[in-house]
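Per-entry structural report
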Amino acid sequence: MSTRYQEPSRAARAANTVIRWLAEMGVSIAGTHALRVRGRSSGKMRSVVVNLLTVDGVDYLVSPRGNTQWARNVRAAGGVEAGSRWRRRHARASEVADADKPELLRRYLDRWYWQVKDYVSGLTPESTDEQFRAVAPTIPVFALARADAPD
């Protein structure tokens, strides 16, 4: 687990607040989703906006800024609520092994590189598997499974 974390600027935090509010209302901008996760210290539910990557029917959370507060909370809570206020679904979250991240990161960057290019340690969608493997430990990725689904 890496300690890399690129904190958002004031402008990014303000924009994320607006985009998160829209996502909570059910309006997705470029694939954004509202995410709620229990805080590891306070126990209060925390909200964030994320890009939810779906590959072969499995949803993945990717934290391009690194070991963010929400990623640490997901790791500690083991589960999240995803979706708008009216259509939230509970999901278990399990961290993806570094060896399994390169293809997921490539697909994530194929879709959202324009948005996250400053936060992914120089990766591009055209980066080599070796470059993805080198950076994989610094980018948390979680697979989501319905909370009521069997293991």
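Parameters at a glance
Residues numbered from 1 in each chain as written. Predicted model: local features only at pLDDT ≥ 70, side-chain atom pairs only at ≥ 80, totals over all residues. Heavy atoms only, no water. Pairing = 2+ DSSP bridges. Helix = DSSP H or I, 4+ residues; strand = E, 2+ residues; numbered from the N terminus. Buried < 20%, exposed > 50% of the residue type's maximum accessible area, 1.4 Å probe, protein only. Contact = heavy atoms within 4.5 Å. Salt bridge = Lys/Arg side-chain N within 4 Å of Asp/Glu carboxyl O. Phe/Tyr/Trp six-rings, centres within 6.5 Å; stacked < 30°, edge-to-face > 60°. Lys NZ or Arg CZ within 6 Å of the ring centre and 35° of its normal. 1 Å grid on protein atoms, 1.4 Å probe; cavity = no way out; pocket = protein on both sides within 12 Å on 5 of 7 lines; lining within 4 Å. Points joined across faces, edges and corners; volume = space filled by probe spheres on them. Nonpolar A, V, L, I, M, F, W, Y, C, P; charged D, E, K, R; others polar.

Going by an unreviewed UniProt entry, the protein chain carries the name Nitroreductase family deazaflavin-dependent oxidoreductase and comes from Mycobacterium scrofulaceum.

Attention now goes to the pairing of strand β5 (residues 89-95). For strand β4 (residues 79-82) and β5, the ladder comprises 4 bridges, and the chain directions are antiparallel. Each residue of the ladder has a partner; that of Ala82, found in β5, is Arg89. As defined by bridge partners, β5 adjoins strand β6 (residues 141-146) across 5 bridges and the pair is classed as antiparallel. The partner of Ala93 across the bridge, within β6, is Leu144.

To continue, consider the environment of Arg106. Position of Arg106 among the secondary structure elements: in helix α3 (residues 101-116). Exposure remark for Arg106: the relative accessible area of 18% places this residue in the buried category. Measuring from C-alpha to C-alpha, the distance between Arg106 and Ser127 comes to 8.0 Å, with 21 residues separating the pair along the chain. Beyond its immediate stretch of four places on either side in the chain, Arg106 contacts Pro125, Ser127, Thr128, Asp129 and Phe132.

Attention now moves to the pattern of salt bridges. The full count for this structure, using the stated rule, is 7 salt bridges. Two residues, Asp59 and Arg89, come together in a salt bridge whose shortest N-O distance is 2.4 Å. Of this pair, Asp59 sits in strand β3 (residues 58-62) while Arg89 sits in strand β5; the two residues are 30 residues apart in sequence, bridging distant segments of the chain. By relative accessible area, Asp59 is classed as buried at 15%.

Each aromatic ring pair is summarised here by two numbers: the centre-to-centre distance and the angle between the ring planes. Per the stated rule, a full pass over the model turns up 1 aromatic pair. In this arrangement the basic side chain of Arg65 is found over the ring face of Tyr119, its NZ or CZ atom lying 3.7 Å from the centre.

Turning next to empty space enclosed by the protein. Enumeration over the complete set of coordinates arrives at 1 cavity of 30 Å³ or more. Approximately 30 Å³ is the volume attributed to the largest cavity. In terms of lining, the largest cavity is formed by Val62, Pro64, Leu105, Tyr108, Leu109, Val120, Leu123 and Ile139. Per-class residue counts for the lining of the largest cavity are 8 nonpolar, no polar and no charged.

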